[in-house]
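Observations on the three-dimensional arrangement
Listed below are the residues making up each chain.
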Amino acid sequence: MVPIQSVEDARDTLDDAIQRLTLAGVCLITHVAGEPIATKERLPFFEKVDDLRVPIFLHPSHRSSIYRPGQPRPIEAGLNWVYDTSLAALSLMFSGTLDACPHLEVVHPHVGGVLPYVLGRIASTTQRRHMVVEGLPEVERAPDEYLRTSFYIDSVGQTRHAMGLAITEYGVERLLFGTDFPWQQPRQARRAFVEEELDEETAKRVLERNRPSLLSLSPGER
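This section reports on the structure supplied with the text. (Residues numbered from 1 in each chain as written. Predicted model: local features only at pLDDT ≥ 70, side-chain atom pairs only at ≥ 80, totals over all residues. Heavy atoms only, no water.)

1. Some thoughts on helix α7 (residues 143–150)
Of all the residues in α7, the buried ones are Pro143, Tyr146, Leu147 and Ser150. Projected down its long axis, α7 shows its buried positions confined to an angular sector of 105 degrees, all on one face. Of the surrounding secondary structure, the elements contacted by the buried residues of α7 are α3 (73–94), α4 (97–100), β3 (106–108), α6 (115–126), β4 (151–154) and α8 (162–170). (Buried < 20%, exposed > 50% of the residue type's maximum accessible area, 1.4 Å probe, protein only. Helix = DSSP H or I, 4+ residues; strand = E, 2+ residues; numbered from the N terminus. Arc of directions from axis to C-beta. Contact = heavy atoms within 4.5 Å.)

This is the structure:
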């Protein structure tokens, strides 16, 4: 974890964690006091991640950026959190961060949040020039290309057929086995869900072989 609200401190913390402590990646909360994680001001932090060649894991904040007092937990944890991770993923795209940092690998949890279901709508709006916000950079690739080259997703979800749709949009090599430990279902139930939803060969690949290419499981691999 890094204090991304302060770019200089975040860079120092990241450098110490990866270089001295030999940690394998960085986890980012998906908003900064309600503001996007990827901005022009925070680009130097992502450039540092890019230089260190470690993956980023997006994680919802304890309170989402759209939480309102009195909202029941199924709205906050069930919808708002996956909205926030999806917003963070899109901010990395449309801020130009992924173009400026071509080696970034981002793990987007919970089967890609809401992106697999609305990707067509997002793609269609990027093709309408009158919908481009003045001051934002022109991105180099289509949204689906970023999903297939810069993002991984995990299998943590309970919706039937969601993993199949996500595989269609991201590619089977981009789906990672996730447990969400220690929350919600036990690991065995997570594994059983993958095996029920996917064919045997695909499930075996997800459960045993897929991983981000930049993820080093031991210091000697880095």
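2. So, the nonpolar core
Counting residues in hydrophobic clusters, the biggest one holds 48 residues, and the most contacted among them are Leu28, Ile37, Phe45, Phe46, Ile56 and Phe151. The contacts of Phe45, once residues within four sequence positions are left out, are Val2, Ile4, Val7, Ala10, Arg11, Leu14, Val26 and Leu28. (Core = buried A, V, L, I, M, F, W, Y, C linked by side-chain atoms within 4.5 Å.)

3. Observations concerning the pairing of β4
Burial of the side chains of β4 extends over both faces: Phe151 and Ile153 are buried on one face and Tyr152 and Asp154 on the other. Pairing between β3 and β4: three bridges, direction parallel. From the neighbouring strand, Val106 faces β4, where its bridge partner is Phe151. Bridge count for β4 against strand β5 (residues 175–176) is two bridges, and the pairing is parallel. Directly across from Asp154, in β5, lies its bridge partner Leu176. (Pairing = 2+ DSSP bridges.)

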